[in-house]
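Structural description and commentary
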Amino acid sequence: METSAGGREMKYYFEKLQKKIDKYRYKYGNSPRKAALKLTWWNFKCIFKRYSKNQENSEFIVSVYPKDILRIAIAEGGGIGDALIQSTYIKEIRKLFYNKKIIIDFYCHAYKLFQNFPFIDHTYPYNMGIDKDKYDVCLISRRFYIVDKLSPKTKYYSEKFYNFCLDCKDITDNKLSGEYNDNLYSQYALILGKNRIEQSNIHNLINVDRYTPCYMQWSLDAFNILNTYNLDQNAYITISRNVGTNDSSSHPKLWLYEYYNELIKFIKKDYPNIKIVQIGSSDTEKIIKGIDINLVGKTTLEEIKVLLKYAKLHIDIEGGMVHLRHFLYGVSAVIFGPTKPDIFAYDNNINCHSSICPFTCEWVTRNWTKKCINQYRFHICMKDLKPEFVYNKINDYLKNEIEWNLVVDEMKPLNSIKNKNVAIIGDASDYPEIIANNNVTIFDNTVVGILKNAEYATPYNISSNNISFDFVICKNLPTSYSIYAFNELVRILKEDGFLILGGKITNELSKKLNIDNLNGDYISIKKIRKIL
């Protein structure tokens, strides 16, 4: 029997009611009467509404999957940074199943960021809610996982994943007594020596820690943003002053606007040839004085990825852009205030914080994003971080940045490579001896889950930290934007390491290397520190 539109609406009533309660508890925590009036009006609309489950999401239809497939839904209600961390968990969870048939759907606010990722089957807006009837496993991330559904058949597909879910359930239901509070979860993680990335894997049951490779991709059209603003010809720094919430003018995370202006003056004085590009969403409150290019509200999310990827440095408060930059293997200068560096900082970043306030107030109260709760020393954590202090740390990084020379070297037999860390980009079937005699990582999406030493990657953003490999082997470099793909190979190569490049290369790359087209042969390129 077909359900009416109104019936479909009421079917999800309790899930949506709980979300409204959570929202109004946070928004009107000190005005329960106002919250009650809002809920009354919302209930009135629910009774008489004649639309489907969520009209603004009517274009999304969640597939009905066959019963012989394990169906997993993971939901993240936080911002971009939280969703990025979840993407690493999804990537590593997928590897646990090897060749078994599974589906992993991801529900988050920034769902467009993760569309067409090779390890995520579908992405949906978080506010759709999960129809648990369509899944065998439902996990809701609140830094730890709330296990909303766990079918016993999960154990057949992956006992390791099944035990991980049981452990998550024990933590949230028993150890933390169902108190879904982010601050409490952070304190618990710190006691056990974990940071934000490691929180959901507190007992190390799956392969996720602070060093787990990150994955990010973008559409090739997004490269055009660099050419449009001549950033492919100029070194540049990106900068942002945005928190991505309705509290954009008073949020305690925000560093003082005047401090940003002073910081730009310092940078421009010593580095006049580096362009300063301000990025961020259209709700950014103010444009920083002295920047060269204002792209606030003028870019797509795909273009933001490219801008962050190729910047010399990104300057920001702790938030989503910093996490995105990390997923692109770049360094950020991060200004910390109410959030704790021990939880949120990445080791390779320039992490700026003051100890003048001994506390971090993130989620100490429901209204912590409205204004600083330290009424005796208001916003002192940010006021104490002077522009001179931040600039000195940035300057130390910029003036000590290493430059590299690339030298075409004698090509030695590939089978002479032994006991080295080797990266193979793409199809590795031609290199059985190298795989047998070395510590090899294969960056090929088609064999992840089949070969245990395989990792997801794109040619323009290889999932590996800088200077990681003694040898990098790439038989077929992409012809589109080949310079960017080539530079990415160089990025992951150690000092005095060798890039083994095969196949045909573009004229642009031939000129850069001062060599003829390879015509299928291999060349060896050595990475040497430039003497300044």
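Note that this is a predicted model, so its numbers are computed, not measured.

1. Regarding the overall build of the protein
Summing up its helical and strand segments, the protein has 17 helices and 18 strands in all. When each of the 532 residues of the protein is scored for burial, the buried share is 52%. When the accessible surface of the protein is totalled, it reaches about 25500 Å², and 50% of it is carbon and sulfur.

2. Comments concerning unusual backbone geometry
Unlike most non-glycine residues, arginine 143 shows phi in positive territory, near 75°. Judged by relative accessible area, arginine 143 falls into the buried class, the value being 7%. A positive phi angle, close to 60°, is found at asparagine 204, a residue other than glycine. Looking at the secondary structure, you find asparagine 204 in the loop between helix H7 (182–191) and helix H8 (224–228).

3. Digging into the confidence of the model for the protein
Within the protein, residue pLDDT values average 87, and 89% of them lie at 70 or more. Within the model, the stretch residues 1–9 combines pLDDT values under 50 with 12 contacts to residues more than four positions away or in other chains. The low-confidence segment residues 50–56 (pLDDT under 50) makes 15 contacts with residues lying over four places distant or belonging to another chain.

4. Quick look at the sheet that holds strand E12 (residues 404–409)
Two modes of strand pairing occur in sheets, parallel and antiparallel, and in both the strands are linked by backbone hydrogen bonds. Spatially, seven strands are ordered E12-E18-E17-E16-E13-E14-E15 in an open sheet, and the strand pairing comes out mixed. Single-partner strands in this sheet number two, and they are E12 and strand E15 (454–455). Looking at chain direction, strand E14 (residues 439–443) and E15 are connected through two bridges and run parallel. Across the sheet, the residue bridging to phenylalanine 443 is glutamate 455, located in E15. Against the sheet, helix H16 (residues 482–491) makes contact with E12, strand E13 (421–425), strand E16 (469–474), strand E17 (493–501) and strand E18 (523–529), and its axis sits at roughly 135° relative to E17, the strand it touches most.

5. Examining the pattern of salt bridges
This model, assessed by the stated rule, comprises 26 salt bridges. Residue lysine 91 is joined to glutamate 455 by a salt bridge in which the shortest nitrogen-to-oxygen separation is 3.3 Å. Placement of the pair is lysine 91 in helix H4 (residues 80–95) and glutamate 455 in strand E15, with a sequence separation of 364 residues. No difference in accessibility class separates lysine 91 from glutamate 455, as the two residues are buried. For lysine 494, the salt bridge is made with aspartate 470, and the minimal N-O distance between the two is 3.6 Å. With lysine 494 in strand E17 and aspartate 470 in strand E16, this residue pair connects regions lying 24 residues apart in the sequence. Judged by its relative accessible area of 26%, lysine 494 is partly exposed.

6. Remarks on helix H9 (residues 257–270)
The end-to-end C-alpha distance of H9 is 21 Å, a good match for the 20 Å that 14 residues give at a rise of 1.5 Å each. Considered for burial, the residues of H9 that qualify are Tyr257, Tyr259, Tyr260, Asn261, Leu263, Ile264 and Ile267. Where H9 is buried, its residues touch strand E6 (236–239), strand E7 (275–278), strand E9 (313–317), helix H13 (380–383) and helix H14 (387–399).

7. Description of the pairing of E14
On any regular strand, side chains alternate: one points to one face of the sheet, the next to the other face. Alignment of E13 against E14, held across five bridges, turns out to be parallel. Following the sheet pairing, valine 422 is matched in E14 by valine 440. With helix H15 (residues 432–437) bridging E13 and the parallel E14, this β-α-β connection has right-handed handedness.

8. Quick word on helix H6 (residues 159–175)
Along its 17 residues, H6 runs 22 Å from first to last C-alpha, staying within 8% of the 24 Å computed at 1.5 Å per residue. Listed as buried for H6 are Phe161, Tyr162, Phe164, Cys165, Asp167, Cys168, Ile171 and Thr172. Buried residues belonging to H6 abut strand E1 (70–76), H4, strand E4 (137–142), strand E5 (144–150), helix H5 (154–157) and H7.

9. A closer look at the nonpolar core
Counting 101 residues, the largest nonpolar core has Phe161 and Leu501 as its most contacted members. Sequence-distant contacts of phenylalanine 161, defined by excluding residues within four places in its chain, comprise Ile72, Ile93, Leu96, Phe97, Val137, Leu139 and Thr154. In this structure, Val243, Ile274, Cys357 and Leu398 belong to the second largest nonpolar core, which totals 33 residues.

10. A closer look at the environment of glycine 320
With respect to the helices and strands, glycine 320 occurs in helix H11 (residues 320–327). Spatially, the C-alpha atoms of glycine 320 and valine 243 are 8.0 Å apart, while their sequence positions differ by 77 residues. Here glycine 320 is in contact with Ile80, Gly81 and Leu84, once residues within four sequence places are set aside.

11. Some details on the sheet that holds strand E8 (residues 293–294)
With respect to topology, six strands assemble into an open sheet ordered E8-E7-E6-E9-E10-E11, the strand pairing being parallel. One side of each edge strand has no neighbouring strand; the edge strands of this open sheet are E8 and strand E11 (350–352). Most of the contacts of H14 go to E11, to which it runs at about 170°, and overall it touches E6, E9, strand E10 (332–335) and E11.

The rules behind the values
- One numbering rule holds for all chains: residues counted from 1, following each sequence as written.
- The model is predicted, so local features are restricted to residues of pLDDT at least 70 and side-chain atom pairs to those at 80 or more, both for listing and for counting; the totals for chains, interfaces and linings are taken over all residues.
- Only hydrogens and water are set aside; all other atoms, that is, all heavy atoms of the structure, feed into the side-chain values.
- Numbering of helices and strands runs from the N terminus, with a helix taken as a DSSP run of H or I at least four residues long and a strand as a DSSP run of E at least two residues long.
- Exposed residues in this analysis have more than 50% of their type's maximum accessible area, buried residues have under 20%, and partly exposed residues fall in between, with area computed by a 1.4 Å probe over protein chains only.
- Per-residue and other accessible areas were derived by the Shrake-Rupley procedure at a 1.4 Å probe size, with only the shown protein chains allowed to occlude residues.
- Residue-level confidence of the predictor, termed pLDDT, takes values from 0 up to 100.
- Any two residues whose heavy atoms approach within 4.5 Å are treated as being in contact.
- For two strands to be treated as a pair, DSSP must find no fewer than two bridges joining them.
- For every element, the axis is a line fit to its C-alpha atoms; helices are fit only across the contacting stretch, and the angle between N-to-C directions ranges from 0 to 180 degrees.
- We define a salt bridge as a contact between a side-chain nitrogen of Lys or Arg and a carboxyl oxygen of Asp or Glu at a distance within 4 Å.
- Between the first and last residue of a helix there are one fewer steps than residues, each counted as 1.5 Å, and that sum is the expected span.
- Classification remark: right-handed applies to a crossover when, strands pointing away from the viewer, the course from the first strand over the helix to the second runs clockwise.
- In this text, buried Ala, Val, Leu, Ile, Met, Phe, Trp, Tyr and Cys residues form a nonpolar core when linked through side-chain atoms within 4.5 Å.

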